[in-house]
Amino acid sequence: MQTLFINIKELLQIRETGIDKISGSDMAILPKIDNAYLVIENNIISDFGPMKNCPKLSDATIIDATGQVVLPTWVDSHTHIVYSGNRIQEFVDRINGLSYEEIANRGGGILNSAKKLNETLEDEIYEQSKIRLEEVMQQGTGAVEIKSGYGLTIEGELKMLRVIKRLKENYPIAIKATFLGAHAFPMEYKENHAAYIDLIINEMLPKIASENLADYIDAFLETGYFSVEETIKIMEAGRKYGLEPKIHVNQFTAIDGIKACVENGALSVDHLEIVTDEDIEVLKNSKTMPVALPSCSYFISIPYTPARKMMNAGLPLALATDYNPGTTPSGNMNFVVATACIKMKMTPEEAINAATINGAYAMGISKTHGSITKGKKANLIFTKPIMSFYQLPYAFGTNLIGKVMIEGQFI
Ligand SMILES: N=CN[C@@H](CCC(=O)O)C(=O)O
Ligand SMILES: [Zn+2]
């Protein structure tokens, strides 16, 4: 079955086959066709071009997209959308002057979410999480990575990963699962890190692998959380089960963690609010995608990733939400793109490259997602009638999404 979209005002992010990511000055270029047509066939993009070359397809369903901008759905390569309850009280505590660190030191933060998660039944966590997944799909997200990391016990971590597996089975959106047992040390292991690392490596990982519950492995490499050496152990253990690392690093401090991640073949390094010249050097000529999370910077008032400096050095950059109950209770990629433009001074072209093709690279799906390319999934955002794609970040906070298509179906 073919569907032909005609009169598309701007068709964005058109790419040849085989482009998996965009780096450095190329990020300023967002290839597009004005007044375009697009054909999808069996849920796959099969053809596109300028209207003057529009084919006559007598059997196709024809949809007129006059005034609308069409672009690939957002790829959100870093989220924690499976969780229980909320951390609204911590939000108010921060307004009243406490820092993220002070709240965590009182047993709040990640440990607060872990307590709630371990007290909640799997079905209930699924019900809470699917609402968030459905919400972000309506906001234009067509692929999402979801981490565990609020269990911190064998049962809790398995419970989270089983919920992610159910979401994968029940929704058309591409989902990758990341095992984040190394998110924080539970209270009882505060003085015995080795025992918790042993639990992760020798108890959690084998069970997770035997149920095939994870695609990637993660750790919170940060002062006061997992050290460089501890994270290396986690990465090496994951690798034995075929799990590539995607690591939280440089959120608050730079402690040479990025170097360790690159040397261990990390697919992505995420957060990067604090980035040194040395960090940039090690990322050059690596296969590791840097991922910025501007909604987190916005919500907990920490620096924004130095995107311009990194792109000037020739690096690629991806953008993701970090949707989680503590530092980013929002999964809205439209806000991420707008904030990247407004606060990180990325151009709309750079931000859209970062939120589509580079996001797809950061979750290992750029062969099928992240651009308008023949043979890729028909995962498309149709905007409301707008002046140009610049209006997306300009009118931040306004919902300009008309319709979202995932795998050829409007949702
Ligand atoms: N920084 C580590 N993990 C999450 C937040 C964890 C939490 O506070 O629940 C993040 O990416 O921001
Ligand atoms: Zn995160």
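All residue numbers here refer to positions counted from 1 along the written sequence of the relevant chain. The lettering of chains begins at A and the numbering of ligands begins at 1, in the order of writing. The predicted origin of the model limits local features to residues at a pLDDT of at least 70 and limits the giving and counting of side-chain atom pairs to 80 or more, whereas totals for whole chains, interfaces and linings rest on all residues. Computation of side-chain values covers all heavy atoms of the structure but excludes hydrogens and water.

Considerations on the UniProt feature "binding site: Zn(2+)" (unreviewed entry) in the protein
UniProt positions are given in the numbering used here, feature names are shortened, and annotations may be inferred rather than shown by experiment. Following the UniProt record, the feature "binding site: Zn(2+)" (unreviewed entry) maps to His78, His80, His248 and Asp322 here. In terms of the greatest pairwise C-alpha distance, the residues named above, spread along 245 residues, form a tight cluster of at most 12.0 Å across. Going along the chain from the N terminus, every DSSP run of H or I of four or more residues is numbered as a helix, and every run of E of two or more is numbered as a strand. Along the polypeptide, His80 turns up in the loop between strand 6 (74–76) and helix 1 (88–95). Once you skip the residues sitting within four places of it in the chain, His80 turns out to touch Lys147, Ser148, Tyr150, Leu180, His183, His248, Asp322, Tyr323, Asn324 and Pro325. Of note is the side chain of His80, whose polar atom sits 3.2 Å from the side chain of His248. Note on classification: 1.4 Å probe, protein chains only; a residue is buried when its accessible area is under 20% of the maximum for its type, exposed when over 50%, partly exposed between these limits. Look at Asp322 and you get buried, because its relative accessible area is 1%. Note on contacts: a residue pair qualifies if any of its non-hydrogen atoms lie within 4.5 Å across the two residues. Look past the residues within four positions of Asp322 in its chain and what remains in contact with it is Asp76, His78, Thr79, His80, His248, His271, Leu293, Cys296, Thr327 and Thr328. N or O atoms closer than or at 3.5 Å make up a polar contact, with two conditions inside protein: a donor-capable atom paired with an acceptor-capable one, and, for residues adjacent in sequence, both atoms drawn from side chains.

So, the coordination of the zinc ion (ligand 2)
The donor set covers N, O and S atoms within 2.8 Å of the metal, switching to 3.2 Å for Na, K and Ca, and it leaves out water, so a site may look short of donors. Surrounding the zinc ion (ligand 2) are the protein donor atoms His78 (NE2), His80 (NE2), His248 (NE2) and Asp322 (OD), which sit 2.0 to 2.2 Å from the metal. Written as a sequence motif, the donor arrangement for the zinc ion (ligand 2) is H-x1-H-x167-H-x73-D. Separated by 242 residues along the polypeptide, His80 in the loop between strand 6 and helix 1 and Asp322 in the loop between strand 13 (318–319) and helix 12 (333–343) bring together distant segments of the chain.

Notes on the packing of aromatic side chains
Pairs were defined over the aromatic rings of Phe, Tyr and Trp, the Trp ring being its six-membered one, requiring ring centres within 6.5 Å. Orientation was assigned from the angle between planes: stacked under 30 degrees, edge-to-face over 60, tilted for the rest. Summed over all chains, the structure comprises eleven aromatic pairs. Summarising the aromatic geometry, the rings of Phe5 and Phe410 are spaced 6.4 Å apart at their centres and angled 90 degrees between planes, so their arrangement reads as edge-to-face. On the criterion of sequence distance, the pair formed by Phe5 in strand 1 (residues 2–12) and Phe410 in strand 16 (residues 409–410) is long-range, its members being 405 residues apart. Classification of Phe5 by relative accessible area gives buried; the value is 1%. Judged by its relative accessible area of 34%, Phe410 falls in the partly exposed class.

Describing the domain arrangement of the protein
By convention here, the domain bounds are inherited from an automatic or database domain assignment. Assigned domains of the protein: these are domain 1 (2–72 + 370–410) and domain 2 (75–362). If you average the C-alpha positions of domain 1 and of domain 2, the two centres end up 29 Å apart. Opposite the 30 residues of domain 1 that make contact, domain 2 presents 32 residues. Any carboxyl oxygen of Asp or Glu that lies within 4 Å of a side-chain nitrogen of Lys or Arg is treated as forming a salt bridge with it. Inspection of the domain 1/domain 2 interface yields zero salt bridges. Linking domain 1 to domain 2 there are eleven residue pairs in polar contact (both at pLDDT 80 or more). Breaking the side of domain 1 that touches domain 2 down by element, the ones donating at least two residues are strand 5 (69–72) and strand 15 (401–406). Looking at the side of domain 1 that touches domain 2, the element that brings in the most residues is strand 15, giving three residues.

Description of the UniProt feature "binding site: N-formimidoyl-L-glutamate" (unreviewed entry) in the protein
UniProt's feature table lists "binding site: N-formimidoyl-L-glutamate" (unreviewed entry) at Tyr150, Asn324 and Gly326, given in the numbering used throughout. Their sequence span is 177 residues, while the largest C-alpha to C-alpha distance among them is just 11.1 Å; these annotated residues converge on one region. By the secondary structure assignment, Tyr150 is in the loop between strand 7 (141–147) and helix 5 (154–170). On the basis of relative accessibility, which here comes to 2%, the residue Tyr150 falls in the buried class. Structurally, Gly326 is set in the loop between strand 13 and helix 12.

Observations regarding the site of ligand 1
Proximity is defined per residue: any heavy atom of the residue falling within 4 Å of a molecule or strand makes that residue near it. Taken together, 15 residues lie around ligand 1, and Arg87, Tyr100, Tyr150, Gln251 and Thr327 are the ones closest in. Here a nitrogen atom of ligand 1 and a side-chain polar atom of Gln251 are 2.6 Å apart. His271 is positioned with one of its side-chain polar atoms (N or O) 2.7 Å from an oxygen atom of ligand 1. Throughout, the Shrake-Rupley method with a 1.4 Å probe supplies accessible areas, and for residues the shown protein chains are the sole cover considered. With the chains in place, 100% of the 330 Å² that ligand 1 exposes on its own is no longer accessible.

Brief notes about unusual backbone geometry
The phi dihedral of Asn43 is positive, around 70 degrees, even though this residue is not glycine. Note on placement: Asn43 falls in the loop between strand 2 (32–41) and strand 3 (44–50). In this structure, Leu272 is a non-glycine residue whose phi angle is positive, near 60 degrees. Its place among the elements puts Leu272 in the loop between strand 11 (268–271) and helix 9 (277–283). Classification of Leu272 as buried rests on a relative accessible area of 0%.

Some thoughts on the sheet that holds strand 8 (residues 174–182)
An order of 6-7-8-9-10-11-12-13 is seen for the eight strands of this open sheet, with the pairing classed as parallel. Of all the strands in the sheet, the pair left with one neighbour each is strand 6 and strand 13. When DSSP finds two or more bridges between two strands, those strands count as paired. For strand 8 and strand 9 (residues 216–221), the ladder comprises three bridges, and the chain directions are parallel. By the bridge assignment, Phe179 is partnered in strand 9 with Ile217.

Quick word on helix 1
Among the residues of helix 1, Glu90, Asp93 and Arg94 are the ones counted as buried. The buried residues of helix 1 occupy an angular sector of 100 degrees when the element is viewed end-on, so they sit on one face. Opposite the packed face of helix 1, turned more than 90 degrees from it, sit the exposed residues Ile88, Gln89 and Ile95. The inward-facing, buried residues of helix 1 abut helix 2 (100–105), helix 3 (110–118) and helix 10 (294–300). Positive phi shows up at Gly97, right after helix 1, with a value of about 115 degrees. When we speak of the arc, we mean the arc of directions from the helix axis to the C-beta atoms.

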